[in-house]
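Now for the letters of each chain:
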Amino acid sequence: MHVDQKLNDPTFFATSEYYRLFDRMRVEDPVHWTQSPDARGYWSVFRHADIKRILNEPERFSSEREGVMPVIDHAMAEIAGEAMGVGENVLTIDPPRHADFRKVMQAPFLPKALADGEVRTKELIGEVFDQLPAHGEIDLVSDLAVRIPMAVICDILKIPREDWEEMLGWGKMAIGGTDPEYQQGTAAETVSRGFRLMYDYSLRRSSERRGCPFSDPFTLLANAAVNGAPLTPSQVAHNGVQLMLAGFETTRNAFSGGVLALLENPAQMALLREDPKRLRLGVEEIVRWSDPVISLMRVATSDTELGQHKIRADDRLLLWFPSANRDEEVFERPYEFDITRHPNLHLGFGAGPHFCLGGPLAKIEIRLAMEELLERFDGIEITGPVERVQSSFVGGLKHLPVKLKPRARTLN
Ligand code: HEM
């Protein structure tokens, strides 16, 4: 298959072959003009330095013109703007407006608030583990990895438990709509429907909280004003959706990818078991390694140059994060999973003004969940085929069947 066909094909990202392709492209054609199904084409950007530069120049490389989802065919392009709330959702607002929106919703995700909430986060994670079946045969993705960040973000957003299950289904459709397992209709119809259901939910929850004195993000958004004007219901709802989806769809991939990496690298697992404090640094390597985000899009706002190439205003650029995170110019031994790696300049959480708002929360969740897993189980064995999501947007594992062997309890 030709390079461009591979880059345009979500199924290609369910294999780990993309690493080999990215390695080659970083050397041979690091800013590669890629033919796309909508015949418009886009630049594929592979090097860490170029991706970092683009993320740090939002005035020149916009998230607002066409959003950040890789929309390279007509059907997706048609629904993406409305689905994601481009121009209304913090992720897809350019500076200077971007900072005003971020300020409105950031308080619960700042380090002090997260430190205060850590005991509660641990408790929620413990409850998810408590619900695992005693026989220990589980799908680590659907029984654990998906449920942990869901419980944590829903608790922060004050979303009642009876709604969590439904939310999971909508999230799979919105983010994994290119994977046949999650599809209801075409990929574009699935994505559109997933976002629409989440939007309607977010709108309902935030409307209920307008004028309330609470401090959860829905209430903060519903009561917020930017430059003296209250946020519109649509702006409030789209940012609510952003928090829900970003809250659980990426962290699950990092956690499950981290577990798989540890199972495949027993020496690293032994290091962690010897001293779980190594996780404070180790979570960075887990995020570098597990590719929770495969690609994000930007659109050039004016003519510029990148590498040897002239980029024209309105050209689309697709930033390939797994490529940046294996770039040998930045990482020694990029294909070694090393939980002691330091410094670890991965771009897993992005860079520049859109740097992940929930990064510190995600790191706490991954650390606490991993500690819980190691503490409760001293044997973890893969029992079936490991499957990855078919997506070039938000990637990661879809199924990781394992058998968990509980640690023998000692009586004092
Ligand atoms: C391992 C888990 C996570 C990864 C890998 C991840 C990755 C990212 C990346 C790459 C971006 C930058 C997008 C861009 O530049 O266009 C981003 C933005 C964002 N993330 Fe995360 N994320 C994770 C977890 C979370 C969590 C738990 C939340 C919960 C609130 C969250 C909320 C957000 C928000 C609100 C933004 C938009 C920030 C802005 O535009 O200013 N993320 N994330």
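Conventions adopted
Residues numbered from 1 in each chain as written. Predicted model: local features only at pLDDT ≥ 70, side-chain atom pairs only at ≥ 80, totals over all residues. Heavy atoms only, no water. Pairing = 2+ DSSP bridges. Helix = DSSP H or I, 4+ residues; strand = E, 2+ residues; numbered from the N terminus. Contact = heavy atoms within 4.5 Å. Axes fitted to C-alpha atoms, helices over the stretch in contact; angles between N-to-C directions. Phe/Tyr/Trp six-rings, centres within 6.5 Å; stacked < 30°, edge-to-face > 60°. Buried < 20%, exposed > 50% of the residue type's maximum accessible area, 1.4 Å probe, protein only. Lys NZ or Arg CZ within 6 Å of the ring centre and 35° of its normal. Parallel < 35°, antiparallel > 145°, perpendicular 65-115°, else oblique. Nonpolar A, V, L, I, M, F, W, Y, C, P; charged D, E, K, R; others polar. Near = heavy atom within 4 Å. Polar contact = N/O pair within 3.5 Å; in protein donor to acceptor, adjacent residues only side chain to side chain.

### As for the sheet that holds strand β7 (residues 295-300)
Working step 1: Across the sheet, which stays open at both edges, the five strands sit in the order β1-β2-β10-β7-β3 with mixed pairing between neighbours. The open sheet is flanked by β1 (31-34) and β3 (61-62), the only strands paired with a single partner.
Working step 2: Looking at chain direction, strand β2 (residues 42-45) and strand β10 (residues 316-320) are connected through three bridges and run parallel. The partner of Ser 44 across the bridge, within β10, is Leu 318.
Working step 3: Lying over the sheet, helix α3 (residues 48-56) contacts β1, β2, β3, β7 and β10, oriented at roughly 125 degrees with respect to β10.

### Some words on the packing of aromatic side chains
By convention here, two paired aromatic rings are described through the distance between centres and the angle between planes.
Working step 1: Counted under the stated rule, the structure contains 13 aromatic pairs.
Working step 2: Seen in terms of ring centroids, Phe 13 and Phe 22 are 6.4 Å apart; in terms of plane orientation they differ by 40 degrees. Their pairing is tilted.
Working step 3: Given a relative accessible area of 1%, Phe 22 falls into the buried group.
Working step 4: Linked through ring pairs, Phe 12, Phe 13, Tyr 18, Tyr 19, Phe 22, Phe 46, Trp 320 and Tyr 335 together constitute an aromatic cluster.
Working step 5: Across from the ring centre of Phe 331, 5.1 Å away, lies the NZ or CZ of Arg 288, which sits over that ring.
Working step 6: Here the guanidinium or amino end of Arg 326 rests over the ring plane of Trp 289, the centre of that ring lying 4.3 Å away.

### Quick word on the packing of helix α14 (residues 251-264) against helix α15 (residues 266-274)
Working step 1: Where α14 contacts α15, the two axes come as close as 5 Å, and the packing angle between them is 110 degrees. Of the possible angle classes, the one that applies to α14 and α15 is roughly perpendicular. In this structure, α14 contributes Leu 262, Leu 263 and Glu 264 to the contact, and α15 contributes Pro 266, Gln 268, Met 269 and Leu 272.
Working step 2: Tallied by class, residues from the contact of α14 with α15 come to five nonpolar, one polar and one charged.

### Focus: the site of the ligand
Working step 1: The ligand sits among 27 residues. The nearest are His 98, Arg 102, Arg 298, His 354 and Cys 356.
Working step 2: A distance of 3.4 Å is found between an oxygen atom of the ligand and a backbone nitrogen or oxygen belonging to Val 90.
Working step 3: In the environment of the ligand, an oxygen atom lies 2.6 Å from a nitrogen or oxygen atom belonging to the side chain of His 354.
Working step 4: Listing elements by their share of the shell around the ligand, those giving two or more residues are α5 (97-105), α13 (233-249), α14 and β7.
Working step 5: With four residues, the single largest contributor to the shell around the ligand is α13.

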